[in-house]
Amino acid sequence: MTIYIKGLGLCTPGKPVSNAALAQRFALNEEWISLYLGNQSRYFATDLNSGVQHYSLMDIARQAAVSALDNAQLDKGKIDFIIMATATPDKLMPATVNEVAHDLELFNIPTYQLQSGCCGAMQALHLANDLLSNGHYRYGLVIGADICNKFIDPLKDYSDSAASEIINFALFGDGAGAVVLTSNADESPLAITNLQYRITENSLPPGQIVNWQGSRVQEIEMLREDYKAIENTVPQMAEEQMRRMLCMLDAVPDDIDWFLVPQLSGRMTAKITDFLQLPHEKTINCVAETGNNGNALLLFQLSYLLDAIQPGQRAVALTIESSRWLSGGLALHHCGVK
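Analysis parameters
Residues numbered from 1 in each chain as written. Predicted model: local features only at pLDDT ≥ 70, side-chain atom pairs only at ≥ 80, totals over all residues. Heavy atoms only, no water. Core = buried A, V, L, I, M, F, W, Y, C linked by side-chain atoms within 4.5 Å. Buried < 20%, exposed > 50% of the residue type's maximum accessible area, 1.4 Å probe, protein only. Helix = DSSP H or I, 4+ residues; strand = E, 2+ residues; numbered from the N terminus. Contact = heavy atoms within 4.5 Å. Salt bridge = Lys/Arg side-chain N within 4 Å of Asp/Glu carboxyl O. Axes fitted to C-alpha atoms, helices over the stretch in contact; angles between N-to-C directions. Parallel < 35°, antiparallel > 145°, perpendicular 65-115°, else oblique. Left-handed = near helix turned anticlockwise from the far one by under 90°. Nonpolar A, V, L, I, M, F, W, Y, C, P; charged D, E, K, R; others polar. 1 Å grid on protein atoms, 1.4 Å probe; cavity = no way out; pocket = protein on both sides within 12 Å on 5 of 7 lines; lining within 4 Å. Points joined across faces, edges and corners; volume = space filled by probe spheres on them. Pairing = 2+ DSSP bridges. Expected span 1.5 Å × (residues − 1).

Looking now at the nonpolar core. Of all hydrophobic cores here, the largest spans 43 residues; its most connected members are Leu 22, Phe 26 and Leu 276. For this core, the secondary structure elements donating two or more residues are helix 1 (19-26), helix 2 (30-37), helix 6 (163-171), helix 7 (227-249), helix 8 (266-275) and strand 12 (314-321). With 10 residues, helix 7 is the largest single contributor of residues to this core. When residues no more than four places from it in sequence are discounted, the contact partners of Leu 22 are Val 17, Leu 28, Ile 33, Arg 42, Phe 44, Leu 48, Phe 169 and Ala 170. Of all hydrophobic cores here, the second largest spans 32 residues; its members include Phe 81, Ala 85, Met 122 and Ile 284.

So this is what it looks like as structure tokens:
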């Protein structure tokens, strides 16, 4: 079924954190961050100097949701369900999606929280499509959000830390995105026409592991990324996912006006774009400015896309998650008159 984007909102907590500020705080090399990752800035809910957490996940998710509702010019009482994707909930219970719903006084509707990483927003959109297609619901709110405060001790001396630990502070950032979806074609020309999401038959070990141990003291890394495996595998998986999407659309790359490729880092995005043999001017790259904000990132890309796409144009978005090598894609068509 085709669903339509009625409104979209974003939240980036605080001011952008430059590579210079990051390098000073975490004993990193500023030039290395720029060259190796290709990211120039990111946002954090926690002040890196004082260690004070100014925003919770609920705070930024709520703000993105309010912005999406305002953008949609929709009364919040018309929302029929909420889906939130995150890898970093404020608590295991109550689920952060329910804290957002309670704070916005969105009661007596279904709420869902999906735990995932880079494919989380795609999962949420896939579920929203199924819910809207059953005819019982008219409007849905999808949120993707993550914050890194659980992984960062701003007061720690990182001068002797392993590179595998501190690289994550240069790569990841905080943010939230939200989108109001509807099944009504007459309310928006921005149509999501095709959606795919699945776990792939990949024999590789997980490329990303996040360990939660609560108050237990264990000698294990909280967050681990196998960057070499990701760098080698994600472009190939993106190519396979793009091939599936183009087959569904009965299209070739020249038929598509915009591509939203996986966004691990600015450098990685450029590498994937080259691997897919796509023109850089036709790709949407926001990670270099926003940092990798996980479940929010696809919604940030969609926001950039909506500022650029013209009536009659089509776009394809691809997401790859290295945790268990998940793959997803969507096609968007601007149905307005040229």
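In this section: the pattern of salt bridges. A full pass over the atoms with the stated rule returns 6 salt bridges. In this structure, the salt-bridge partner of Arg 267 is Glu 231, at a minimum N-O distance of 3.1 Å. Linking Arg 267 in helix 8 with Glu 231 in helix 7, this pair joins segments that are 36 residues apart in sequence. With a relative accessible area of 34%, Arg 267 lands in the partly exposed category. Of the residues examined, Glu 231 reaches a relative accessible area of 18% and is grouped as buried. Put simply, Glu 239 and Arg 243 hold a salt bridge, and the shortest N to O gap is 4.0 Å. Pair noted here: Glu 239 and Arg 243 are both in helix 7, with a separation of 4 residues, about one helical turn. One salt-bridge network, in which partners are shared between bridges, spans Lys 6, Arg 138 and Glu 187.

The interhelical angle for the contact between helix 3 (residues 57-72) and helix 4 (residues 96-103), taken along N-to-C directions, is 55 degrees, at an axis separation of 9 Å. Classed by the angle they form, the pair helix 3 and helix 4 counts as oblique. As for the relative orientation of helix 3 and helix 4, their crossing is right-handed in sense. Contacts between helix 3 and helix 4 involve Leu 57, Met 58, Ala 61 and Arg 62 from the first element and Thr 96, Glu 99, Val 100 and Asp 103 from the second. Of the residues in the contact of helix 3 with helix 4, the class split is 4 nonpolar, 1 polar and 3 charged.

A few words on empty space enclosed by the protein. In this structure the tally under the stated criterion is 3 cavities of 30 Å³ or more. The computed volume of the largest cavity comes to approximately 210 Å³. In terms of lining residues, the largest cavity is bounded by 22 residues, among which Cys 118, Pro 262, Gln 263, Leu 264 and Ile 320 are the most central. Counting residues per element, the ones that place at least two in the lining of the largest cavity are helix 7, helix 8, helix 10 (297-308) and strand 12. Ranked by residues supplied to the lining of the largest cavity, first place goes to strand 12 with 4 residues. Looking at side-chain class alone, the lining of the largest cavity contains 13 nonpolar, 7 polar and 2 charged residues. When its volume is computed, the second largest cavity comes out at roughly 100 Å³.

For the rest of this paragraph, the subject is the pairing of strand 13 (residues 326-334). By the criterion of burial, strand 13 is predominantly enclosed, with 8 of the 9 residues buried. Inspection of the sheet shows strand 8 (residues 190-199) paired to strand 13 by 9 bridges, in the antiparallel sense. In the strand pairing of strand 13, Arg 198 is matched with Ser 327. Here strand 12 runs beside strand 13; their pairing, made up of 8 bridges, is antiparallel. Bridge pairing in strand 13 links Val 316 to Ala 331. Turn length for the strand 12-strand 13 hairpin, with the two strands adjacent in sequence and antiparallel, is 4 residues, and the turn residue Trp 325 shows positive phi of about 55 degrees.

With 14 residues, helix 5 (residues 120-133) should reach 20 Å at 1.5 Å per residue; the first-to-last C-alpha distance of 20 Å fits that figure. For helix 5, a buried count of 10 out of 14 residues is recorded, marking the element as mostly surrounded by other parts of the structure. At the C-terminal side of helix 5, Gly 135 shows a positive phi close to 85 degrees.

On to the environment of Val 17. Secondary-structure assignment places Val 17 in strand 2 (residues 17-18). In the structure, Val 17 is positioned 153 residues away from Ala 170 in sequence and 9.8 Å away in space, judged by C-alpha atoms. When near neighbours in sequence (up to four residues on either side) are disregarded, Val 17 contacts Leu 22, Gln 40, Ser 41, Arg 42, Phe 44 and Leu 48.

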